[in-house]
Amino acid sequence: MFFKKQNIELKTAKEIEKMRVAGKVVGEILEKLSEIIKPGITTKNIDVFSEKYIRSLKMLPAFFGVQGMKYPFPSSACVSVNDEVVHGIPNASRVLKSGDIVSVDMGVLYEGYYGDAARTYAVGSISDTAARLLRVTEQSLQKGIEQALPGNRLGDISCAVQETAENGGFSIVRDFVGHGIGRSLHEDPQIPNYGKADTGVKLLPGMVLAIEPMVNAGSYEVYMLNDDWTVVTRDGSLSAHFEHTVAITEDGYEILTKV
Ligand code: MG
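Only a predicted model underlies this, so the values are computations on that prediction, with no experimental measurement involved.

Criteria and thresholds
- Residues numbered from 1 in each chain as written.
- Predicted model: local features only at pLDDT ≥ 70, side-chain atom pairs only at ≥ 80, totals over all residues.
- Heavy atoms only, no water.
- Donors = N, O, S within 2.8 Å, 3.2 Å for Na, K, Ca; no water.
- Helix = DSSP H or I, 4+ residues; strand = E, 2+ residues; numbered from the N terminus.
- Buried < 20%, exposed > 50% of the residue type's maximum accessible area, 1.4 Å probe, protein only.
- Pairing = 2+ DSSP bridges.
- Axes fitted to C-alpha atoms, helices over the stretch in contact; angles between N-to-C directions.
- Salt bridge = Lys/Arg side-chain N within 4 Å of Asp/Glu carboxyl O.
- Core = buried A, V, L, I, M, F, W, Y, C linked by side-chain atoms within 4.5 Å.
- Contact = heavy atoms within 4.5 Å.
- Parallel < 35°, antiparallel > 145°, perpendicular 65-115°, else oblique.
- Left-handed = near helix turned anticlockwise from the far one by under 90°.
- Nonpolar A, V, L, I, M, F, W, Y, C, P; charged D, E, K, R; others polar.
- Polar contact = N/O pair within 3.5 Å; in protein donor to acceptor, adjacent residues only side chain to side chain.

S.K.: An account of the coordination of the magnesium ion is needed here, citing residue identities and associated values.
M.R.: Taken together, Asp116 (OD), His179 (NE2), Glu212 (OE) and Glu243 (OE) make up the full set of protein donors to the magnesium ion, lying 2.2 to 2.4 Å away. Counting gaps between the donor residues of the magnesium ion yields the pattern D-x62-H-x32-E-x30-E. Placement of Asp116 in strand β7 (residues 113-122) and of His179 in strand β9 (residues 178-180) is noted, with a sequence separation of 63 residues between them. Each member of the pair, Asp116 as well as His179, carries the same accessibility label: buried.

Pasting the structure below:
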């Protein structure tokens with residue numbers, strides 16, 4: 001069932017049940033990574049752990065092979081360190097050290113349906129600013145999710161995310177947005193992390209949204225490295241990324257990627 005010209009597909013209870021299975025696996029991996037991520041491990045270690053976990057359940061890593069500008073994404077997890085915003089490529093020679101922050105973004109495909117979530121972790125002990133960036137970014141995701149209610153509008157989510165990040169003294173990345181999700185990893189609608197309340201598409205039960213604020217400690221500008229995947233902040237400031245897949249229900253929302 002499609003809604004308006006935006007092709008926003010409303011999911012049935014059966015479809016959401018499959019997305020709940022995929023989402024739970026993503027949530028479990030992100031939870032387990034909080035114990036694994038410490039100084040001395042490489043970004044490749046994170047990818048290998050995640051891929052093994054997914055394949056041991058006979059599911060598929062959703063990011064592996066996603067088409068890029070020049071070549072497909074070569075790994076199961078996007079692992080982005082410090083000033084890297086999103087889409088970092090895991091690397092066996094990239095060793096994490098105390099004081100780093102590392103964002104892990106991951107998708108799982110189960111019986112034709114996707115789950116997608118991300119979290120930024122502290123490596124060892126981090127600066128007060130870095131700790132606050134992580135806290136504020138997670139809060140901005142939470143405030144956005146709280147607006148994912150039937151009868152609200154898409155702009156209510158965007159506005160809540162933006163206000164929370166900016167009131168915390170940080171800036172919202174403009175060039176990348178959240179998205180609908182279901183039988184494809186990226187579906188309509190696009191969900192900017194900035195915008196006006198009470199504008200945009202009306203939210204309906206059955207919509208499933210991947211809400212994912214990317215928040216920079218400095219300016220919001222970003223650019224892509226020569227590897228054609230890794231996105232970094234233009235001013236070299238730290239960046240954090242939190243994401244959940246959220247289904248809108250008859251009377252509220254359900255976070256599908258939370259364990
Ligand atoms: Mg996403």
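S.K.: An account of the sheet that holds strand β5 (residues 84-86) is requested, with residue identities and associated values reported.
M.R.: Taken in spatial order, the three strands of this open sheet run β5-β14-β13, and their pairing is antiparallel. In the strand order of this sheet, the two ends are held by β5 and β13 (222-224), each with one partner. Averaged over all neighbouring strand pairs, the angle between strand axes comes to 40°, with direction disregarded. The pairing of β5 with strand β14 (residues 231-233) spans two bridges and is antiparallel. Counted as the bridge partner of Glu84 is Val232 from β14.

S.K.: Give a detailed account of the pattern of salt bridges, specifying residues and quantitative values.
M.R.: On inspection of all chains with the given rule, the structure shows 15 salt bridges. With its nearest N and O atoms 3.8 Å apart, the salt bridge here joins Asp47 to Lys44. Note that Asp47 and Lys44 are positioned in helix α2 (residues 43-56) at a spacing of three residues, about one turn of the helix. Among the salt bridges present, the one from Glu146 reaches Lys143, with a minimum N-O distance of 3.9 Å. Exposure remark for Glu146: the relative accessible area of 32% places this residue in the partly exposed category. Residue class for Lys143 comes out partly exposed when judged on its relative accessible area of 40%. Counted as one network, the salt bridges with shared partners bring together Glu17, Arg20 and Glu254.

S.K.: Could you give an account of the pairing of strand β4 (residues 77-81), naming the residues involved and the relevant values?
M.R.: Summarising burial for β4: five of the five residues are buried, a large majority. The alternating pattern of β4 places Ala77, Val79 and Val81 on one face and Cys78 and Ser80 on the opposite face, and all of these are buried.

S.K.: Break down the nonpolar core for me, citing the residues and quoting the values.
M.R.: Core analysis: the biggest nonpolar cluster contains 28 residues, and Ile157, Leu203, Met207, Leu209 and Ile211 have the highest contact counts within it. A per-element tally of this core places helix α3 (residues 128-145) first, with six residues. If sequence neighbours within four positions are ignored, Ile211 has contacts with Leu141, Gly144, Ile145, Ala148, Ile157, Val161, Phe242, Glu243, His244 and Val246. Counting residues in each nonpolar core, the second largest holds 23 residues, with Ile37, Ile54, Met59 and Val81 among its members.

S.K.: Can you tell me about the sheet that holds strand β8 (residues 171-172), naming the residues and giving the values?
M.R.: Taken in spatial order, the three strands line up as β8-β12-β15 in an open sheet, and their pairing is antiparallel. Of all strands in the sheet, those bounded by a partner on one side alone are β8 and β15 (239-241). Strand direction decides the pairing type here: β8 and strand β12 (residues 214-216), joined by two bridges, are antiparallel. Paired with Ser171 across the bridge in β12 is Asn216. Sitting on the sheet, α3 touches β12 and β15, and the angle it makes with β15 is about 35°.

S.K.: Give a description of the packing of α3 against helix α4 (residues 154-167) that names residues and reports values.
M.R.: Where α3 contacts α4, the two axes come as close as 8 Å, and the packing angle between them is 155°. It follows from the interaxial angle that α3 and α4 lie roughly antiparallel. For the element pair α3 and α4, the recorded crossing hand is right-handed. Side by side, α3 and α4 meet where Val136, Gln139, Ser140, Lys143 and Gly144 of the first sit next to Ile157, Ala160, Val161, Thr164 and Ala165 of the second. Here the residues of the contact of α3 with α4 sort into five nonpolar, four polar and one charged.

S.K.: Talk me through the environment of Asn216; I want residue IDs and the actual numbers.
M.R.: Tracing the backbone through its elements, the reader meets Asn216 in strand β12. Using a relative accessible area of 0% as the deciding quantity, one classes Asn216 as buried. Along the chain, Asn216 and Ile172 lie 44 residues apart, while their C-alpha atoms are 6.3 Å from each other. A distance of 3.0 Å separates a polar atom in the side chain of Asn216 from the backbone oxygen of Ser219.

Note that all results are geometric; they support no functional claim without further evidence.
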